[in-house]
Amino acid sequence: MAADFDTRVRGLADDRREALVRWRRDLHRHPELGFEEHRTAAIVESHLRELDLEVHTGIAGTGLIGVLRPAGSDEPAVLLRADMDALPIQEVSGRDYGSTIEGRMHACGHDGHTAMLLGAAEVLCEMRDALSRPVVFCFQPAEEGLGGGRRMVEEGVLDIVPVGAVYGLHLWSLEPAGRILVRPGAFMAAVDSFQARIVGRGGHGALPHESRDPIVAAAQCVTALQTIVSRTIDPVQPAVVTVGELHAGTATNIIPDDARMTGTLRSFDDRVRQTLRTRVRELLEATAAGAGCRAEVTIHEGYPAVINSTEAARIAREAATMTVGEDSVSEPPPIAASEDFSYFLRERPGAFLFLGAGNEELGITAPHHSPEFDIDESVLPRGSEMLARLALHAECPR
Ligand code: NI
């Protein structure tokens, strides 16, 4: 029985190979930025309605879900999430499926995510007898910095049908096509940023005693910030404090009124994250004061860390092994990039995983967010299969 079941999921996903490429290329030609995914959402909606799913639109603006309810189930649902937005990047020319919109590009693979989840919806509709719980196909807007995931969660996407577990899959061009990466615990970083204005008193460069020099204060601030990770964070906890901008002054002989700096903070643990924010503010204020200046500090909260639950990561690993074989599944180290699927994972147990989509022989090696970014489309059926297996796994007769 197990073999039949296995073959059926694989076969149904493979049957959609051409459709997946067609959908992905259509979306790739028509990229839309966050919260502007009107065409994409309309295409998704029409597919979901053709499948006779219960459709809810207008969640976080352009977000929508399709619900597949097996007969007589009162189990909590499994939510599978794809993001739909593109980036403000000009794609390299010469691709027949290249972006038709100036300065817009699917440079992170979200076109593939949307296509793969539509494929999984088709597969699962044909296997609804094997499901004992509802499946929510969640199409999210605005992952790239605008927090569409947060808005979907705030607008109740986990309660329209009570959701018990959440899964998300990201294509990853830096891994060979067909590898699946999944790990329990912290996987991707929390990101916050800060802006500071160091306020002094300007004057003549030859009369520093008549001024309060914000440049010297800012230089001391940059150095002081480097002690946060080395002196206040547990050395076995990863953290990053980077000053990314520092601006001050206009001439050789003028002490300016102020200096401005910005920076990014990365962490994987909530307490570390809180320490970074607190210490950045304290050190900037105290160091500026020590130099006779004043610091005005603003901390901007970004995405929380992606934390996979142990149980969901185990389920995902088993599903991945069935999809691509044990040798193609691995546990990656955490990476310091961020993802707003973390907002789903803060509310429900679940896992976020990567599906390798690079291919050196085909020249597909460019990193995400680059104008040359591409994916090996042969992985699309595996993505649909993987997503379908995540929903089916509990029922899988093994
Ligand atoms: Ni992405």
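Procedures and definitions
- Within each chain, residues carry numbers counting from 1 in the order of the written sequence.
- This being a predicted model, a pLDDT of at least 70 is required before a residue's local features are given, and a value of 80 or more before pairs of side-chain atoms are given or counted; all residues contribute to the totals for chains, interfaces and linings.
- In computing side-chain values, all of the structure's heavy atoms are included and hydrogens and water are not.
- By definition, a salt bridge exists where a carboxyl oxygen of Asp or Glu is found within 4 Å of a side-chain nitrogen of Lys or Arg.
- We count a stretch as a helix when DSSP gives it H or I for four or more residues in a row; a strand needs E for two or more, and each element gets its number in order from the N terminus.
- Throughout, exposure labels follow a simple rule: accessible area from a 1.4 Å probe, protein chains only, divided by the maximum for the residue type, with under 20% read as buried, over 50% as exposed, and the rest as partly exposed.
- We call two residues in contact when some of their heavy atoms are within 4.5 Å.
- Any two strands with at least two DSSP bridges between them are considered paired.
- Note on method: axes are straight lines fitted to C-alpha atoms, helices fitted across the in-contact stretch only, with angles between N-to-C directions ranging 0 to 180 degrees.
- Water is absent from the atoms considered, so a metal site may look incomplete; donors are defined as N, O and S atoms within 2.8 Å of the metal, or 3.2 Å for Na, K and Ca.
- Expected helix span is computed as 1.5 Å times (number of residues minus one).
- Within this analysis, the arc is defined by the directions that extend from the helix axis to the C-beta atoms.
- Pairs were defined over the aromatic rings of Phe, Tyr and Trp, the Trp ring being its six-membered one, requiring ring centres within 6.5 Å. Orientation was assigned from the angle between planes: stacked under 30 degrees, edge-to-face over 60, tilted for the rest.
- Reported orientations rely on four angle classes, namely roughly parallel under 35 degrees, roughly antiparallel over 145, roughly perpendicular from 65 to 115, and oblique for the rest.
- Each crossing gets its handedness from the near helix: less than a right angle anticlockwise from the far helix is left-handed, clockwise is right-handed.
- Each residue gets one label: Ala, Val, Leu, Ile, Met, Phe, Trp, Tyr, Cys and Pro are nonpolar, Asp, Glu, Lys and Arg are charged, and the others, such as Gly, are polar.
- Domain limits in this description derive from either an automatic procedure or a database domain assignment.
- As a working definition, buried area equals the accessible area (1.4 Å probe) given up by two parts on being put together, with both sides summed.

A.B. asks: I keep staring at the pattern of salt bridges and nothing clicks. Help me out?
C.D. replies: Where side chains of opposite charge bring their charged atoms close, a pairing between them can arise. Taken as a whole and judged by the stated rule, the model has 33 salt bridges. For the salt bridge of Glu-377 with Arg-24, the shortest nitrogen-to-oxygen distance reads 2.9 Å. With Glu-377 in the loop between strand E16 (350-358) and helix H10 (380-392) and Arg-24 in helix H2 (residues 17-29), this residue pair connects regions lying 353 residues apart in the sequence. For Glu-377, a relative accessible area of 13% puts it in the buried group. On the basis of relative accessibility, which here comes to 0%, the residue Arg-24 falls in the buried class.

A.B. asks: Mind showing me how you'd approach the side chain of His-47 here?
C.D. replies: One can find His-47 in helix H3 (residues 38-50). Beyond its immediate sequence surroundings of up to four residues, His-47 is in contact with Trp-23 and Leu-118.

A.B. asks: What is the right way to read the pairing of strand E1 (residues 54-59) from this model?
C.D. replies: Where a strand is regular, its side chains alternate between the two sheet faces. The pairing of E1 with strand E2 (residues 63-68) spans 4 bridges and is classified as antiparallel. Among the inter-strand pairings, Glu-54 is bridged to a residue of E2, identified as Val-67. What sits between the antiparallel neighbours E1 and E2 is a turn of 3 residues, in which Ala-60 has the positive phi angle 55°.

A.B. asks: What should I look at first to understand unusual backbone geometry in this one?
C.D. replies: Comment: phi is negative for the bulk of residues other than glycine, and the bulk of peptide bonds are trans. The phi torsion at Ala-60 lies on the positive side, around 55°, for a residue other than glycine. Mapped onto the elements of the fold, Ala-60 is located in the loop between E1 and E2. Judged by its relative accessible area of 0%, Ala-60 is buried. Notably, His-369 is not glycine yet its phi reads approximately 70°, a positive angle.

A.B. asks: Please explain the sheet that holds strand E10 (residues 239-248) as it appears in this structure.
C.D. replies: Strands in a sheet are paired, the pairing made by backbone hydrogen bonds, and the direction either parallel or antiparallel. Taken together, 4 strands build an open sheet; the order of strands is E10-E12-E8-E13 and the sheet is antiparallel. Lying at the two open borders of the sheet, with one neighbouring strand each, are E10 and strand E13 (294-301). Looking at each pair of strands side by side, their axes are set apart by 20° on average, direction ignored. One ladder, built from 9 bridges, connects E10 with strand E12 (residues 258-267); its direction is antiparallel. Across the sheet, the residue bridging to Ala-239 is Ser-267, located in E12. Where helix H6 (residues 214-232) meets the sheet, its contacts fall on strand E8 (190-199), E10 and E12, and the angle it forms with E10 comes to roughly 170°. Sitting on the sheet, helix H7 (residues 270-290) is in contact with E8, E10, E12 and E13, with an inclination near 165° to E13.

A.B. asks: Is there a simple way to think about the coordination of the nickel ion in this case?
C.D. replies: For a metal bound by four donors in tetrahedral geometry, the ideal donor-metal-donor angle is 109.5 degrees, whereas six donors in octahedral geometry ideally sit at 90 or 180 degrees. Distances from the nickel ion to its protein donors, namely Cys-108 (SG), His-110 (NE2) and His-170 (NE2), fall within the range 2.1 to 2.4 Å. Sequence spacing of the donor residues for the nickel ion, all on one chain, is C-x1-H-x59-H. In this pair, Cys-108 is assigned in the loop between strand E3 (77-83) and helix H4 (110-126) and His-170 in strand E5 (residues 163-176), connecting sequence segments 62 residues apart.

A.B. asks: Any chance you could explain H4 here in plain terms?
C.D. replies: It helps to recall that an α-helix has 3.6 residues per turn; residues three or four apart then point in one direction. For H4, spanning 17 residues, the distance from its first C-alpha to its last is 25 Å, which sits close to the expected 24 Å at 1.5 Å a residue. Where burial is concerned, most of H4 is hidden: 16 out of the 17 residues are buried.

A.B. asks: How do you make sense of H2 when you look at a structure like this?
C.D. replies: Given a rise of 1.5 Å per residue, 13 residues ought to cover 18 Å, and the 19 Å separating the end C-alpha atoms of H2 matches this to within 8%. Within the sequence span of H2, burial applies to Ala-19, Leu-20, Trp-23, Arg-24, Leu-27 and His-28. Buried residues along H2 cover an arc of 165° about the axis, so they all sit on one side. Opposite the packed face of H2, turned more than 90 degrees from it, sit the exposed residues Glu-18 and Arg-22.

A.B. asks: Teacher, can you tell me more about the packing of aromatic side chains here?
C.D. replies: Both the distance between ring centres and the angle between the ring planes are used here to describe each pair of aromatic rings. One pass over the structure, following the stated rule, counts 6 aromatic pairs. Centroid distance Phe-187 to Phe-354: 4.8 Å. Interplanar angle 55°. Geometry classified as tilted. Placement of Phe-187 in strand E7 (residues 185-188) and of Phe-354 in strand E16 is noted, with a sequence separation of 167 residues between them. The exposure classification of Phe-187 matches that of Phe-354, with both residues buried. Note on Phe-352 and Phe-354: the rings are 6.2 Å apart at their centroids and 80° apart in plane angle, and the pair reads as edge-to-face. By the burial criterion, Phe-352 is buried, and Phe-354 matches it.

A.B. asks: So what exactly am I meant to see when it comes to the packing of H2 against H3 here?
C.D. replies: Between H2 and H3, the least distance of the axes is 10 Å, while the angle of their chain directions is 155°. The angle between H2 and H3 falls in the class roughly antiparallel. Handedness of the H2/H3 crossing: right-handed. Across the interface between the two elements, Trp-23, Asp-26 and Leu-27 from H2 touch Arg-39, Thr-40, Ile-43 and His-47 from H3. Its residues placed into classes, the contact of H2 with H3 shows 3 nonpolar, 2 polar and 2 charged.

A.B. asks: Hey, could you run me through the domain arrangement of the protein in this one?
C.D. replies: By a widespread convention, an interface's size corresponds to the accessible area lost as its parts come together. Entries for the protein in the domain assignment read domain 1 (2-188 + 305-393) and domain 2 (190-301). Between the C-alpha centres of domain 1 and domain 2 there is a distance of 39 Å. In this complex, domain 1 contributes 11 residues to the contact, which on the side of domain 2 involves 6 residues. The contact between domain 1 and domain 2 buries some 650 Å² in all, and 56% of this surface belongs to carbon and sulfur atoms. In terms of surface lost to domain 2, no three residues of domain 1 exceed Ala-305, Ala-336 and Ser-338, which account for 52% of the buried area on that side. Counting across the domain 1 and domain 2 interface gives 0 salt bridges. At 3 residues, E7 tops the list of elements feeding residues into the side of domain 1 that touches domain 2. Class assignment of the residues belonging to the side of domain 1 that touches domain 2 gives a composition of 9 nonpolar, 1 polar and 1 charged.

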